[in-house]
Amino acid sequence: MPRFLKPGAMDRKTYSDQLSKTFDVMWLRAKDEVSVLAPYFHKINISEGDTFRIGDVGSSLTMPVRNEDTAKRPYAHVAPGFSKELTLLPYRLFVRVTDNMRRMERYGKVAGMVSGLPNAAKAKIEYQRVDIFNSQTFSGTAGADSLALCHDTHPHQNIEYGTWDNLGTGVATVGNLHALRLLGQKMTNEWGRPMPVTLKDWLIPPDLQRTFEEIKIAPKDPETALNTPNVLINGMQYVMSPHLTDTDAYFGFGDLTGEEKGIYEVSLMDPSVADVTDGDPDIVLHKRIKAVNAFGYGTSKNIFASAGA
Amino acid sequence: MAITEKCSPWLWAGDASEMVVAQIAGTQTWTAPTPVYVSTSGTVKVCVDSDTDAEVAIYGFAYADAAAPTANTEIYVAKIREDQLWAIWVSNGGNDSAAAQTIVGDMYGHSVETTAAPYVGYMTLDLALTSYKSMYVEDIVSNLNTKLVASTSTSPGAAIVRFPASVLNTVLA
């Protein structure tokens, strides 16, 4: 177990192996961080402000009513929408190396040792994204409608038309996955009229990979003895995220695009590396990474999920 | 003391520590990185739990590349600066403890493990040591980095502390 001190600069006494003649090979651990969640978010780049507010307004109307030319004219309105405000937060991280460390090292790895800032920021962003699935999908009130991301009774923007449902139940079985798919197909708009959403792929933790792989390749429903063909969900792909903390929960994503995805990644400043130049000649490779962003959701008719238990 | 995270305090923010050369006193049993203080003989000694007034002194942390050197051997010490913020795991009378929001703004003493093999030399903020205080709690890590310490209820939790000049400049026997 290596024991080391973190005194704020990468110096020669912390990385004494790098100064030693005794190694034949000194390799750099530089594997990329896993990042799979970006496609599920609608990314919005902004150029000012410390908060970001997103709202929506309808364009669909109630249906025409029977009305003669000389009768009073019936007028219609679109439904207003919900709004959600996200607060932008800055994130920074710095690294620096002492001049002695750079001069004394024998394996040419110092530049590599400070190359991890972009990966660190990438990891942070993936954690910010997954936080919505880990802690805001099944509980909380962070949605634009003051509900969790997935809920049985999201109110329609046109409140008299009731509610819509994007929350499934039960463990990941063929039946429950079909039920989730059916929630998508039975989705309604603010007038209660059909607005089918076709599920395209699943997001799952690694613990469910075997289950989803079995469902994907099985010609028959693998959970019954009735020779029922395995259809509709067997053609769907899955994406596996090791950042998901719940080993049972699974998420289905529909075919909506743009803002309709409902979950947002707002960036005032994408991760950016810059050199720090504060004049000390014996602190070298002094760099910082900075990002200013916010992650959140309004309401999403594109995401369907079950807590899995 | 318990530190199941197996980590000595780490610089959270601020200028880097000065790397200084110091001579270690005799009969010191330690595994670096460990906190050390300056003794009246001019050598540095390994800190122990701040159970008494004569144990509240920290000069810096010994670098980990020296393994229990003999008396008067030169070792390298990362000297703590007064304006640095250090992150430190929290214990309470020998057990891991959460870093509750309520400790922010208070001062506590420190524990240094001396016997449990994997942890020897590691220092924690000890919530049970409130009489002889060595560090001021500026914040808790979970306020600023929920991925490192998930919440204030996580045990152990980590606090962000500042060591006051009176502790850093104290010379003990």
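This structure is a prediction, so every number in the text was calculated from the model and none was measured.

When you go through chain A residue by residue, the secondary structure sums to 5 helices and 12 strands. Projected onto its principal axes, the C-alpha coordinates of chain A cover approximately 95 × 55 × 25 Å. Considering chain A as a whole, with its 309 residues, one finds that 30% of them fall into the buried category. In chain A, once contacts between residues fewer than 6 apart in sequence are set aside, the share between residues at least 24 apart is 75%.

From N to C terminus, chain B includes 2 helices and 13 strands. Radius of gyration (C-alpha) of chain B: 15 Å, near the 16 Å computed for a compact globule of 173 residues. Going through the 173 residues of chain B one by one, you find that 49% of them count as buried.

With that settled, consider the sheet that holds strand β8 (residues 237-240) of chain A. All names here are of chain A. Ordered by their spatial adjacency, 4 strands build an open sheet running β8-β7-β9-β12, and the pairing between neighbours is mixed. At either margin of the open sheet sits one strand with a lone partner, and together these are β8 and β12 (303-306). Across this sheet, the average inter-strand angle for adjacent strands is 25°, counted without regard to direction. Across 4 bridges, the pairing between strand β7 (residues 201-204) and β8 is parallel. In the strand pairing of β8, Asp 201 is matched with Gln 237.

To continue, consider the environment of Ile 289 of chain A. Residue and element names in this part refer to chain A. Among the structural elements, Ile 289 can be located in strand β11 (residues 283-297). Sequence spacing of Ile 289 and Pro 118 is 171 residues, and the spatial spacing of their C-alpha atoms is 7.2 Å. Each residue touching Ile 289, except ones within four places of it in the same chain, is listed here: Arg 92, Leu 93, Leu 117, Pro 118, Ala 120, Ala 121, Pro 271, Ser 272 and Val 273.

Residue and element names in this part refer to chain A. The sheet built from 4 strands is open, its strands ordered β1-β10-β11-β4 with mixed pairing. Across the chains shown, the open sheet's two edge strands, defined by having one partner strand only, are β1 (42-45) and β4 (89-98). Across the sheet, the mean angle separating the axes of adjacent strands is 25° when strand polarity is ignored. In terms of strand pairing, strand β10 (residues 263-275) meets β11 through 10 bridges, oriented antiparallel. The residue bridging Glu 265 from the neighbouring strand is Phe 295, located in β11.

Now for the environment of Pro 9 of chain B. All names here are of chain B. You can see Pro 9 is positioned in the segment before β1 (10-13). Residues Pro 9 and Ala 159, 150 residues apart in the sequence, show an inter-C-alpha distance of 9.6 Å. If we skip the residues at most four places from it in the chain, Pro 9 touches Trp 86, Ala 87, Ile 88 and Met 123.

Attention now moves to the pairing of strand β7 (residues 85-92) of chain B. Residue and element names in this part refer to chain B. The element β7 is extensively covered by neighbouring structure, given that 7 of its 8 residues are classed as buried. One ladder, built from 3 bridges, connects β1 with β7; its direction is antiparallel. Within β7, the residue paired with Ala 13 across the bridge is Leu 85. The pairing of β7 with strand β12 (residues 158-162) spans 4 bridges and is antiparallel. Of the residues in β12, the one forming a bridge with Trp 86 is Val 161. Of the pairings in the sheet, the one linking β7 to strand β10 (residues 123-126) comprises 2 bridges and is parallel in character.

Residue and element names in this part refer to chain A. Compared with the 27 Å implied by 1.5 Å per residue over 19 residues, the 26 Å span of helix α3 (residues 117-135) between its first and last C-alpha is a close match. Listing the buried residues of α3 in full gives Ala 121, Ile 125, Gln 128, Arg 129, Ile 132 and Phe 133. Where α3 is buried, its residues touch β9 (250-253), β10 and β11.

Here we come to the pairing of β12 of chain B. The two faces of the sheet receive side chains in turn, since in a regular strand these alternate between them. Residues and elements named next belong to chain B. Counting buried residues along β12, 5 of its 5 residues qualify, which places the element largely inside the surrounding structure. Going residue by residue along β12, you find Ala 158, Ile 160 and Arg 162 tucked away on one face and Ala 159 and Val 161 tucked away on the opposite face as well. Where strand β11 (residues 135-140) meets β12, 4 bridges bridge the pair, whose relative direction is antiparallel. If you follow Ile 140 over to β12, its bridge partner there is Ala 159.

Of all residues in chain B, 95% attain a pLDDT of 70 or more, and the chain-wide mean is 89. Mean pLDDT across the elements of chain B ranges from a minimum in strand β13 (residues 171-172) of chain B, with 88, to a maximum in β11 of chain B, with 97.

Looking at soluble globular proteins, one finds that nonpolar side chains tend to be buried together. Counting residues in each nonpolar core, the largest one holds 54 residues, and the members touching the most others are Val 77, Ile 88, Ala 99, Ala 158, Ala 159 and Val 161 of chain B. Leaving out residues up to four positions away in the same chain, Ile 88 of chain B has contacts with Pro 9, Met 123, Thr 124, Leu 125, Ala 158, Ala 159 and Val 161 of chain B. Core analysis: the next-biggest nonpolar cluster, separate from the first, contains 40 residues, Ile 54, Phe 251, Ile 303 and Phe 304 of chain A among them.

Our next topic: unusual backbone geometry. Following Ser 155 of chain B, the chain continues into Pro 156 of chain B via a peptide bond in cis, with omega recorded as 0°. Secondary-structure assignment places Pro 156 of chain B in the loop between α1 (141-144) and β12. Despite not being glycine, Ser 146 of chain A has its phi angle at roughly 60°, a positive value. By secondary structure assignment, the location of Ser 146 of chain A is in the loop between α3 and β5 (154-155). Phi is positive for Leu 285 of chain A, close to 45°, though the residue is something other than glycine.

Bringing the confidence of the model for chain A into the picture now. For chain A, the average pLDDT comes to 94, and 100% of its residues sit at 70 or higher. By mean pLDDT, helix α2 (residues 110-113) of chain A is the weakest element of chain A at 92, and β9 of chain A is the strongest at 98.

This next bit is on the environment of Asp 207 of chain A. Looking at where Asp 207 of chain A falls in the secondary structure, it is placed in the loop between β7 and α5 (209-217). The spatial distance from the C-alpha of Asp 207 of chain A to the C-alpha of Asp 248 of chain A is 7.5 Å, given a sequence separation of 41 residues.

About the thresholds
Residues numbered from 1 in each chain as written. Chains lettered and ligands numbered in written order. Predicted model: local features only at pLDDT ≥ 70, side-chain atom pairs only at ≥ 80, totals over all residues. Helix = DSSP H or I, 4+ residues; strand = E, 2+ residues; numbered from the N terminus. Buried ≥ 20, exposed ≤ 12 C-beta atoms within 10 Å, placed from the backbone. Contact = placed C-beta atoms within 7 Å. Rg over C-alpha atoms; globule rule 2.2 N^0.38 Å. Pairing = 2+ DSSP bridges. Axes fitted to C-alpha atoms, helices over the stretch in contact; angles between N-to-C directions. Expected span 1.5 Å × (residues − 1). pLDDT = per-residue confidence, 0-100. Core = buried A, V, L, I, M, F, W, Y, C linked by C-beta atoms within 7 Å.

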